[in-house]
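# Structural characterization, general
Listed below, chain by chain, are the residues.
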Amino acid sequence: MIKLTINGQPQTFEGDAEMPLLWYLRDEKDMTGTKFGCGMALCGACTVHIDGRPARSCMTPMRSVDGASISTIEAAEEDRIGAAVQAAWIEEQAPQCGYCQSGQVMSAIALLKEKPSPTDEDIDAAMSGNICRCAAYPRIRQAIHRAAREIK
Amino acid sequence: MSIKHSLTESSEGFRLNRRQFLGGLGALTLAVGFGGRIAVAAEGSLQAGEFVPNAFIRIDKDGFVTVISSYLEMGQGTFTGLATLAAEELDITPEQLKVVGSPADAEKYMNPVLAAGGFKVQGTGGSTAMAGAWTTMRKAAASARAMLLQAAANTWKVPVTELQVKDGIVSHTSGKQGSYGEFIDSASALPLPADDQISLKDKSTYTRVGKADGMMRVDIPDKVNGKAIFTQDIKLPGMLVAVIAHPPRKFAKVASVDKTAAMKIPGVEAVLAIPGDNIIQGGVAVLAKNTWIAKKGRDALTITWDESTGSREDSEALFTEYKKLAATRGLEVGNKGQQVEEAPDGGKVIEAVFELPYLAHSPMEPMNALVEITDDGAHLWNGEQWHTADQAAMAKELGLAPEKVTVTQLYAGGSFGRRACPMSDYIIEATRIAKIAKQNGVTGPVKLVWMREEDVGGLFYRPMTVHNNRIVLNADGSVASWRWRVVGQSFFPTPEDQVDSGLMEGTHELPYAIDNMLVEQHLYQGDIPVSWLRSVGHTHTALVGEVLIDEIAAFSGKDPYQYRRALLAEHPRFLKVLDLVAEKANWNSPLPQGKNGERRARGIAIRESFGTVVAQVAEVTVRADNTYKVDKVYCAVDCGQVINPVNIASQVEGGVGFGMSFLRQQITLKGGVVQQTNFNNYPALRINEAPAVETFMVDSSNPPTGIGEPGVPPTVPAVLNAISAITGKFIRRMPLGAHVQA
Amino acid sequence: MKVLKWILLIGVVVAVVLGGMVIWTKVAPQGDDPVSPIAGIPHDMPDTMTRGEYLTRAADCFACHSPVEGKMLSGGRPFKLPFGTIYATNLTPDPETGIGNMSDEAFIAAVRDGIGSKGHEYPAMPYTKYSQLSTQDVLDIKAYLMSVEPVNKPTPESDLIFPFNQRWGMALWNAVFFENHRYEADEEKSDEWNRGAYLASALAHCGECHTPRNIGYATKSREYMAGTKVQGWKAFNTTSDGTYGIGDWSDEQLRSYLTTGHAPGRSSASGPMAEVVELSLQYMTDSDIDALMAYLRAVDPSLGGSETAVNTSPDSLKNATAVLPNSTSSQQRGKMLFEGDCAGCHQWDGQGRQTKYASLKGSSAANDSEALAVTQVILNGTSISIGERHEYMPGFGSIYSDSDVAALANYVVSHFGGKDGIVTAEDVAETRAQGE
Ligand code: FES
Ligand code: FES
């Protein structure tokens, strides 16, 4: 049996340990904020935090999250930085179709937790794994800078 | 879509028709609950006490307004545009409204602009939503307001002219106040105002339309907290997820399938052979209780494909074939003046053959659709872009009358045209799977989910093309004549002796003053289906046209901006946009030079598409290692009346980024097998390559024109022109890749 | 360079021909059959397996004799040697194209003596090692092969340049380089060590890849397991050398690597080694893994031709985190590619997030200045299946230019290994061509 916490809630799982965390969240926990985009850790749409580190849940098997603590977009607003990122995203009107945005927000939170005032270069390093086919990139960049100002 | 639309100042073309003014809204309202679960409630009858003056507006007893969108929200801000128009005419705040997707109904929700172009459907495409809604939605809201005011006037027994509305509160000079909600009952009893009695606000009194803070995107809050519901997110009781194995060689048939291993996986409910046809590939579908199990089951199948069937298309061979065709006369699409055979003294002949690849849409949300077959009909849940066409295709697949098929519209995680497939391929596939499942005793709704591999390999690509151009230049650099031949498949099924307006758009209608111009078309009837991709024919014709204009200018050493100005002298609208972008980009002052052997230049391009004129200047750096970076793109736009400037800027930024992906993308086939599978070999622009984009809008009072697509076409030529300015080499084959030729 | 190699090779062949005349007699088999517990199956073999299957796994017949796509053991996999291409044969019991009609004697001759149905085999078939096997083990393997589903599939003709296309030449080669004798236990050493030696040498033939070869294509005994390039990959130094080999690996790391293809804090197997783990090593029992480890620990340290000293904490990684590199690099291009396509999985600190196989910190591959394995996986991706688990990385070869692959490979080596990568676009082109 795999034990983990999701957004602070303890959970147990007894199914196929090879199932990626993504499908557990989406199909079993009905937490559909975390998106499926590529299934190969290439696009970032499925980004969650595992023990505080951003990770692509589409390639993270359940067996590897035994004992882990997961946080997802659904709980982002409970976090000070998360809330600031979401607010900045709205202020900058960043999303277009929105499908990549849960992942973008989760990656941005991870970045700002580590570096509260990131440079453009830092943004490139931390955010380039998140594809946005709508190419909302200029606004995403602005929104990260805005959130950085807010959390000062 | 390739709809040539001309919008006039007159609103006559967009009268609300009778059915649009009705009660009896057989609507399905979508309510999104916490945790991303979705509840769908069929509303055969209206909520008690709602005021429904027409098919686009509903107002409840609290004065809360529901705006019904007949268009899909796939990222273009359509819902917000509609909300802006409704809020403007109703004088309500963003907090007092929500936008929901409409059901499929061709009569009520026909897209007026598409219909004028010959596509009598309810659909979203061709950047037509705002153009279509500009009159419809404003009138719908204004008539609601007029009725509510009349009702208030009747209640308070005061002249209607003495009433005012602000933030959804009706007030009278006497101090009487009340919300819209108080008057909905009496408003419902009033006669509908005649179409010509509806008066719309004057532009000078706008408080929301055209204002940067007029209306924030209504869909964004739910898109930053994970609550927005896409087709991928829908889960219904008893629903099964279907993951399909498509034939590697496109349209090959299944010879045999060993499903033993798949059926052993707990949770796999059925393995079904799905016959293909010339629209859907068919294959073997695995139905399971969740997506992972279905995928695992699919991967566990051992399928033998009938090697004697299926496509043998090979893109490299096709280019050779196309180039041969391109050397021969084609169907005349446009012919002005006379072609000049030989270059005049001091002149030159430019022979330029361009090769442009197939492109996949690859929206962020891979294709999917949820189908439920009921006893007497069927229901579709989808990020629905092509409502009534998909409805008809689905009905046909099931042998039902179209009205027996109902549609719930959801958000789409991008589409770029993929969800408006003219053949409704993925809808038919989902329906066929559900149908065959039912025949095999597997009941319940079925959600078809394409993995990214099925999405990239899922055909209906932007067609590959060869463009053969012969341009004769006079000694002074002016164009003596230009012959432009396009070889490709038609975007929309078209017989060989007819012009495909999609394939050819932006060729013969070039605004440039070129007296002698001949445009020809060769249609190739291949077995790899194609369809429109965001900005359609302009994705290739803008590239060819605008790169050639630079090459022409270069012959006589003219500045490409000034050369374009001269050719556009008769077109003030174009000139305004071109001058605006040149001014903002500081075209006339030199670009700061790069360091470490970097070389920099600007490139310019302009294109009208979907009624909108966009000019762009790209600043590009070529590094010492011959890689390049697009540093910044300046854009100028004339899209008529601006409804939501922030959204326009956002769409143009997105258009630039979408176009820039073309620099590295291609779909190739070998022996009928698509070579690309996922973002590792079909790359998309990432943030570290994304340029800064600045957008400037021309002030205009013309009716709004499109904005979802027009940002795309000028980007690639502007970038290529900048690169050519640096390297002195003209680029003729896409994708360019990550490096330029030294 | 290439021309020189050929001239040398031809020279060697001539020398071999002359030398062979003199020492013809050496080829006759020598020694007694080794016996259990050194040969045969381990005591803890699960009863779900037959003796033959276990030994076939241990001898890793699957890797070479299975096609890239198609039925296991049906042959056809090409081996590109410096002097042409040869193909693995069909080992299924198909009478026409497989081993269905082969007598026990013929099978033994093929496995141990290098004499196949067409005459002398090329030493890509490790008969030079299999010659150490006991007769019983060879017959058990045959019994297993005879039990799999027959596949009718002819083996393609080899395509070698003269004089290498002359199979009789191999007789001469054998005369010089082939000692045909059974495994002889070292009485000084424990049974465990001897079992390990039998596994590593006679069955798994580790040295065939991990030992540098001399100019005559024979393994150099003095550099046994010291690491070399093979088939466009690098087989790393697996001697007990602390700096260059596996001497500093913990037991846990070594065991994990052998059984799952990943050593925490060290390397992940990719390419041919991933295949070895996937098709062979993961099936070995605990006692056999113990034996293998005991044997490997005792291999004499040797530097060989490999200069790959693994730096498990290069300066560039000191401040790196999951999210940010926190270091400067002059390799802008490589860094840019890494941040886009790679960082999401491997992460800047090299921990690897989704899967531990994605960790690059401490990896031999990322510490190899030539970055052979890194180049290969960038181009073609890699995958490994352990039990139910399927780990994979997609390739990027079709969208990266040769110079981009080189830039990325060099960046990986510098960031994760603290080494100066020396990959050039030409090297990448060569690797690419080899894979086609
Ligand atoms: S879905 Fe996980 S990275 Fe794309
Ligand atoms: S907003 Fe559409 S993919 Fe990013």
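Bear in mind that the values here come from a model prediction, so they are computed numbers and not experimental data. (Residues numbered from 1 in each chain as written. Chains lettered and ligands numbered in written order. Predicted model: local features only at pLDDT ≥ 70, side-chain atom pairs only at ≥ 80, totals over all residues. Heavy atoms only, no water.)

### A short note on the sheet that holds strand S6 (residues 163-166) of chain B
Sheet strands line up and pair through hydrogen bonds in the backbone, either parallel or antiparallel. Residues and elements named next belong to chain B. Pairing is antiparallel in the open sheet, where three strands are placed in the order S6-S7-S8. Looking at which strands have only one partner, the edges of the open sheet turn out to be S6 and strand S8 (177-179). Sheet twist, expressed as the average angle between the axes of neighbouring strands with direction ignored, equals 25 degrees. Note that S6 and strand S7 (residues 169-172) share four bridges and pair antiparallel. Residue pairing across strands places Lys166 opposite Ile169, the latter belonging to S7. The strands touched by helix H4 (residues 129-156) are S6, S7 and S8; relative to S6, the strand with the most contacts, the crossing angle is about 130 degrees. (Pairing = 2+ DSSP bridges. Helix = DSSP H or I, 4+ residues; strand = E, 2+ residues; numbered from the N terminus. Axes fitted to C-alpha atoms, helices over the stretch in contact; angles between N-to-C directions. Contact = heavy atoms within 4.5 Å.)

### Some remarks on the interface of chain B and chain A
Taken together, the contact pairs 60 residues of chain B with 54 residues of chain A. At the boundary of chain B with chain A, total buried surface from both sides reaches about 4,700 Å², with 57% on carbon and sulfur atoms. Area buried by chain B at its contact with chain A is led by Trp292, Met364 and Ile687 of chain B, which between them contribute 18% of it. In this structure, the connection of chain B to chain A is made through five salt bridges. Among the ionic pairs, Asp233 of chain B bridges to Arg26 of chain A, the shortest N-O distance being 2.9 Å. (Buried area = accessible area lost by both parts, 1.4 Å probe. Salt bridge = Lys/Arg side-chain N within 4 Å of Asp/Glu carboxyl O.)

### Notes on the domain arrangement of chain B
Residues and elements named next belong to chain B. Per the domain assignment, the segments making up chain B are domain 1 (31-225), domain 2 (231-310 + 367-449) and domain 3 (329-358 + 462-727). Domain 1 and domain 3 are separated by 38 Å when their C-alpha centres are compared. Contacts between domain 1 and domain 3 engage 23 residues on the former and 23 residues on the latter. Around 1,500 Å² of area is buried between domain 1 and domain 3 when both sides are counted, 55% of it from carbon and sulfur atoms. Considering only the side of domain 1, the residues that lose the most area to domain 3 are Gln76, Ser127 and Lys203, jointly responsible for 35% of the buried surface there. Between the two partners, domain 1 and domain 3, sit one salt bridge. Note that Asp699 and Lys203 form a salt bridge whose closest N and O atoms lie 3.8 Å from each other. Counting across the interface, domain 1 meets domain 3 through twelve residue pairs in polar contact (both at pLDDT 80 or more). Contributions of two or more residues to the side of domain 1 that touches domain 3 are made by helix H1 (78-90) and H4. (Domains from an automatic or database assignment. Polar contact = N/O pair within 3.5 Å; in protein donor to acceptor, adjacent residues only side chain to side chain.)

### Some words on helix H10 (residues 387-398) of chain B
Residues and elements named next belong to chain B. Across its twelve residues, H10 extends 17 Å between first and last C-alpha, which sits within 8% of the 16 Å expected from 1.5 Å per residue. For H10, the tally of buried residues reaches nine of twelve residues, placing the bulk of the element in the interior. For H10, the set of buried residues is His387, Thr388, Asp390, Gln391, Ala393, Met394, Ala395, Glu397 and Leu398. Packed against the buried residues of H10 are helix H2 (106-109), strand S16 (368-373), strand S17 (378-382), strand S18 (405-409) and helix H11 (425-439). Just downstream of H10 lies Gly399, where phi reads positive at about 65 degrees. (Expected span 1.5 Å × (residues − 1). Buried < 20%, exposed > 50% of the residue type's maximum accessible area, 1.4 Å probe, protein only.)

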